[in-house]
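Next come the chains, spelled out residue by residue.
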Amino acid sequence: VFYSIIYYNYLRNHNQLVSSLDNQGNSVFISQNAGRVNTLGLELGASFRTNRNFRADFNLNLNFSQNRFTQEIITDSTTFETANREFEVPLPHSPEILAHMKLSRRISKRLGLWGGLNFRYLSRTVPDVSINEFGQRTPNGVPISGYTVTDLNLRLAALGKSGVLKQSHLQLQISNITNSAIQYPTTGNNSSWADLGSPGYGRRLFLTLGVRLNQ
């Protein structure tokens, strides 16, 4: 199975929450107009199943977004005359390339054991940009390099042949098995202390025991 989608989105007058200081110096969140966002994208996907024991799924999303907004700036530092000027910046926190691949295979039919690998890739991501009263742009942090995350899943469909054991399953998941460095872009809310981005989770292990109550 193969599919492809081309899409275009136009969003205007959307709001975003930004942090600010009140008269007492307390941090508060206010809502402000974030202008307009134009998005042109392409999504490609495919799914293959060679037999009952193996399946592969692929997805690729190309997303190109621009944020356009109008802001009042000072055009003359002597007279402090102002004018509205339109700015255009890449949409923050929106990587241009997202790729996902999932591989599933039955390892043992007798044991009901399945294994799976998930691969996720995110391309370079830019942070928010602050524009002062003179129109000067200052990124709220540094761009985040692209990274790939790999997860491993093992699932034992049944722990026995009868009774509660037959209705029970055991699942082992290891997320980010390569311990890749994951960073999330800086936002306007944490730029004062996280200008290099916020770290994501490294390698983690989850073990789950489940019981199906219905027959």
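As shown above, the structure is provided for reference.
Conventions used here
Residues numbered from 1 in each chain as written. Predicted model: local features only at pLDDT ≥ 70, side-chain atom pairs only at ≥ 80, totals over all residues. Heavy atoms only, no water. Helix = DSSP H or I, 4+ residues; strand = E, 2+ residues; numbered from the N terminus. Buried < 20%, exposed > 50% of the residue type's maximum accessible area, 1.4 Å probe, protein only. Areas by Shrake-Rupley, 256 points an atom, 1.4 Å probe, with all protein chains shown as cover. Core = buried A, V, L, I, M, F, W, Y, C linked by side-chain atoms within 4.5 Å. Contact = heavy atoms within 4.5 Å. Salt bridge = Lys/Arg side-chain N within 4 Å of Asp/Glu carboxyl O. Phe/Tyr/Trp six-rings, centres within 6.5 Å; stacked < 30°, edge-to-face > 60°. Pairing = 2+ DSSP bridges. Patch = residues over 30% accessible without salt bridge, like charges linked within 9 Å, V, L, I, M, F, W, Y side chains within 5 Å.

For the rest of this paragraph, the subject is the overall build of the protein chain. Of the regular secondary structure elements, the protein chain holds one helix and 15 strands. Counting over 215 residues, the protein chain shows a buried share of 27%. As presented, the protein chain carries roughly 14,400 Å² of accessible surface, and 55% of it is formed by carbon and sulfur atoms.

Glancing now at the nonpolar core. Of all hydrophobic cores here, the largest spans five residues; its members are F69, I73, F87, V89 and I131. Filtering out sequence-adjacent residues up to four positions away, I73 remains in contact with E81, T82, A83, R85, F87, N132, E133, F134 and G135.

A word on unusual backbone geometry. Positive phi is not limited to glycine here, since H93 has a value of about 60°. Here H93 shows up in the loop between β6 (81-90) and β7 (97-108). Backbone geometry places N179, a non-glycine residue, at a positive phi of 55°. In this structure, N179 sits in the loop between β12 (168-175) and β13 (183-184). You can call N179 partly exposed: its relative accessible area is 42%.

Further remarks concern the pattern of salt bridges. One pass over the structure, following the stated rule, counts four salt bridges. For the salt bridge of R120 with D151, the shortest nitrogen-to-oxygen distance reads 2.5 Å. In this pair, R120 sits in strand β8 (residues 113-122) while D151 sits in strand β11 (residues 147-156), placing the two residues 31 residues apart along the sequence. Judged by relative accessible area, R120 falls into the partly exposed class, the value being 31%. The class of D151 is buried, set by a relative accessible area of 7%.

The next point concerns the packing of aromatic side chains. Ring pairs (aromatic) are described by centroid distance and by the angle formed between their planes. This model, assessed by the stated rule, comprises two aromatic pairs. With centroids separated by 5.9 Å and ring planes inclined at 70°, the aromatic side chains of F48 and F58 adopt a geometry described as edge-to-face. Pair noted here: F48 is in strand β4 (residues 36-51) and F58 is in strand β5 (residues 54-76), with a separation of 10 residues, a long-range link. Between F69 and F87, the aromatic rings sit 5.8 Å apart at their centres with planes inclined by 25°, giving stacked as the arrangement. One end of the pair, F69, is in strand β5; the other, F87, is in strand β6, and 18 residues separate them in sequence. Given a relative accessible area of 15%, F69 falls into the buried group.

Sheet topology places β7 next to β8; 10 bridges connect them, and they run antiparallel. Residue pairing across strands places R105 opposite G115, the latter belonging to β8. Linking β7 back to β8 in an antiparallel pair, the connection comprises four residues, with G112 at a positive phi of about 65°. The sheet contact formed by β8 and β11 spans 10 bridges and is antiparallel. The partner of L122 across the bridge, within β11, is Y147.

Another aspect to go through is a nonpolar patch on the surface. Together, L159, L165, L170, L205, L207 and L209 give the surface a local cluster of nonpolar side chains, amounting to about 580 Å² of exposed area. Here the nonpolar patch gets three residues from one element, more than from any other, and that element is strand β15 (residues 204-211). Turning to its location among the elements, L159 is positioned in the loop between β11 and α1 (163-166).

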